[in-house]
Amino acid sequence: MASGADLHLRPDATYAQNGLEDEQMSAVVLVAYGPTYALTILFPTDDPSSITQKRVNAWMHLIWGPFLIQCEGSNKQFANLLDLALVYRAFLPLPGRGAQLTEDDFDDFTARLVQTALELHPLERADDELSELAGWLRVN
């Protein structure tokens, strides 16, 4: 049995269950189940302008706090989720400059995130896939 929280990466149910493949999925949902707590994080996949510093800060708070403590996330899970949040933060504009990453980068990243979510069975843990995605993020 895998250690840490039960992590699941799910496509937007409206998209996945209603044959909307010709439309862009608006979000991928991360669901983390721990022994006494569960949390969800909605990662936008259709519009980089929907990413705000406030949203990224909220993700960081969830990852550093409830995910680690109440969900009992493992160190590896923590690192993978932190990598995801940091990539989203890289799409925020820097003071006096634009974002560190482009809209094309966003499209490449979110296409990979969406594909990962679509390939998983609804009850399958996402640890291995999130590790692969985090590895891809580190080299791209």
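Analysis parameters
- Residues numbered from 1 in each chain as written.
- Predicted model: local features only at pLDDT ≥ 70, side-chain atom pairs only at ≥ 80, totals over all residues.
- Heavy atoms only, no water.
- Core = buried A, V, L, I, M, F, W, Y, C linked by side-chain atoms within 4.5 Å.
- Buried < 20%, exposed > 50% of the residue type's maximum accessible area, 1.4 Å probe, protein only.
- Helix = DSSP H or I, 4+ residues; strand = E, 2+ residues; numbered from the N terminus.
- Contact = heavy atoms within 4.5 Å.
- Pairing = 2+ DSSP bridges.
- Axes fitted to C-alpha atoms, helices over the stretch in contact; angles between N-to-C directions.
- Parallel < 35°, antiparallel > 145°, perpendicular 65-115°, else oblique.
- Left-handed = near helix turned anticlockwise from the far one by under 90°.
- Nonpolar A, V, L, I, M, F, W, Y, C, P; charged D, E, K, R; others polar.
- 1 Å grid on protein atoms, 1.4 Å probe; cavity = no way out; pocket = protein on both sides within 12 Å on 5 of 7 lines; lining within 4 Å.
- Points joined across faces, edges and corners; volume = space filled by probe spheres on them.

1. What about the nonpolar core?
- In terms of nonpolar packing, the biggest core is built from 36 residues, with L9, F67, L84 and L113 touching the most fellow members.
- Residue assignment for this core shows that the elements contributing at least two residues are β1 (6-11), β2 (27-33), β3 (38-44), α2 (53-69), α3 (75-90), α4 (103-119) and α5 (127-139).
- When near neighbours in sequence (up to four residues on either side) are disregarded, L84 contacts F43, F109, L113, L130, L133 and L137.

2. Let's talk about the sheet that holds β3
- Pairing is antiparallel across the open sheet formed by three strands, whose spatial order is β1-β2-β3. Of all strands in the sheet, those with a lone pairing partner are β1 and β3, marking the two edges. On average, adjacent strands in this sheet sit at an angle of 20° to one another, irrespective of strand direction.
- Here β2 pairs with β3 via seven bridges, running antiparallel.

3. Quick word on the packing of α4 against α5
- The geometry of α4 relative to α5 is characterised by a closest axis approach of 11 Å and an angle of 165° between their N-to-C directions. Looking at the two axes, α4 sits roughly antiparallel to α5. The interaxial crossing formed by α4 with α5 has right-handed handedness. Facing α4, whose interface residues are D108, F109, R112, L113 and T116, α5 presents E129, L133, W136 and L137.
- Here the residues of the contact of α4 with α5 are counted per class, giving five nonpolar, one polar and three charged.

4. What to know about the layout of surface pockets
- In this structure, the largest pocket spans a volume of roughly 170 Å³.
- Around the largest pocket, the lining residues are V87, F91, L101, D105, D108, F109, W136, L137 and N140.
- Those elements giving two or more residues to the lining of the largest pocket turn out to be α4 and α5.
- The element that contributes the greatest number of residues to the lining of the largest pocket is α4, accounting for three residues.

5. Considering the packing of α2 against α3
- Running from amino to carboxyl end, α2 crosses α3 at an angle of 175°, the nearest separation of the two axes being 10 Å. Between α2 and α3, the angle is such that the two are roughly antiparallel. Residues Q53, V56, W59, M60, I63, W64, F67 and L68 of α2 touch α3, and the partners they reach there are Q77, F78, L81, L82, A85, L86, Y88 and R89.

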